[in-house]
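Fold and contact review
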Amino acid sequence: ISAENIHAILENIPNDNTPNDNISRVEALKMYSNLLKIDVWDNYQNNFKDVLPTDWFAKYVSLAFQKNIFQTTDNFYPNKDLTRYELVSLLYNLN
């Protein structure tokens, strides 16, 4: 993968200059949508108590909800580190 492709995937992610750090759930969703060039609409339905429609990542959480990528109930925990299970789920739903 080229440096140009990596930059495109990391585009507009907060703290994208720290490639050796852990990744949060919302950062992974943003990279997922960048990688697949998914058009993500600002249509967050306020499905989770800890995600506001005004949060920069709300549309990516909506994408995860629509694709049933992460199993969660009332809270999404957007800044929680991505688990191995969640990574596999994200990769499995690549389409």
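The rules we used
- Residues numbered from 1 in each chain as written.
- Predicted model: local features only at pLDDT ≥ 70, side-chain atom pairs only at ≥ 80, totals over all residues.
- Heavy atoms only, no water.
- Helix = DSSP H or I, 4+ residues; strand = E, 2+ residues; numbered from the N terminus.
- Buried < 20%, exposed > 50% of the residue type's maximum accessible area, 1.4 Å probe, protein only.
- Contact = heavy atoms within 4.5 Å.
- Areas by Shrake-Rupley, 256 points an atom, 1.4 Å probe, with all protein chains shown as cover.
- Phe/Tyr/Trp six-rings, centres within 6.5 Å; stacked < 30°, edge-to-face > 60°.
- Lys NZ or Arg CZ within 6 Å of the ring centre and 35° of its normal.
- pLDDT = per-residue confidence, 0-100.
- Expected span 1.5 Å × (residues − 1).

Right, let's talk about the overall build of the protein chain for a bit. The secondary structure content of the protein chain amounts to four helices and zero strands. If you list the helices and strands of the protein chain from N to C, you get α-α-α-α. Within the span of the protein chain, comprising 95 residues, buried residues form 34% of the whole. Taking all contacts inside the protein chain whose residues are at least 6 apart in sequence as the whole, residues at least 24 apart take part in 60%. A total of about 6500 Å² of accessible surface is found on the protein chain, and carbon and sulfur atoms cover 49% of it.

Glancing now at the packing of aromatic side chains. Considering all chains together, one arrives at four aromatic pairs under this definition. Geometrically, the ring pair formed by Phe 48 and Phe 65 is edge-to-face, given 5.8 Å between the ring centres and 85° between the ring planes. On the criterion of sequence distance, the pair formed by Phe 48 in the loop between α2 (25-36) and α3 (58-67) and Phe 65 in helix α3 is long-range, its members being 17 residues apart. Residue classification places Phe 48 among the buried positions, given a relative accessible area of 4%. Between Phe 48 and Phe 76, the aromatic rings sit 5.4 Å apart at their centres with planes inclined by 50°, giving tilted as the arrangement. Of this pair, Phe 48 sits in the loop between α2 and α3 while Phe 76 is found in the loop between α3 and α4 (84-92), placing the two residues 28 residues apart along the sequence. Just as Phe 48 is buried, Phe 76 falls in that class too. Of the aromatic side chains, those joined through ring pairs into one cluster are Phe 48, Phe 65 and Phe 76. If you follow Arg 25 out to its NZ or CZ, it ends over the ring of Phe 76, 4.6 Å from the centre.

On average, residues of the protein chain score 77 in pLDDT, and 76% of them are at 70 or above. Here helix α1 (residues 3-10) stands out as the element of the protein chain with the lowest mean pLDDT, 59, in contrast to α3, whose mean of 84 is the highest.

Before going further, it helps to spend a moment on unusual backbone geometry. One non-glycine residue, Tyr 77, lies in the positive phi region at around 55°. Position of Tyr 77 among the secondary structure elements: in the loop between α3 and α4. For Tyr 77, a relative accessible area of 45% corresponds to the partly exposed category.

Once that is clear, we can look at α2. For α2, built from twelve residues, the straight-helix expectation of 16 Å at 1.5 Å per residue is met to within 8% by its first-to-last C-alpha distance of 17 Å. Burial analysis of α2 places nine of its twelve residues in the buried class, which makes it a mostly covered element. For α2, every residue scored as buried is listed here: Arg 25, Val 26, Glu 27, Ala 28, Leu 29, Lys 30, Tyr 32, Ser 33 and Asn 34. Positioned one or two residues after α2, Lys 37 has a phi angle of 55°, which is positive.

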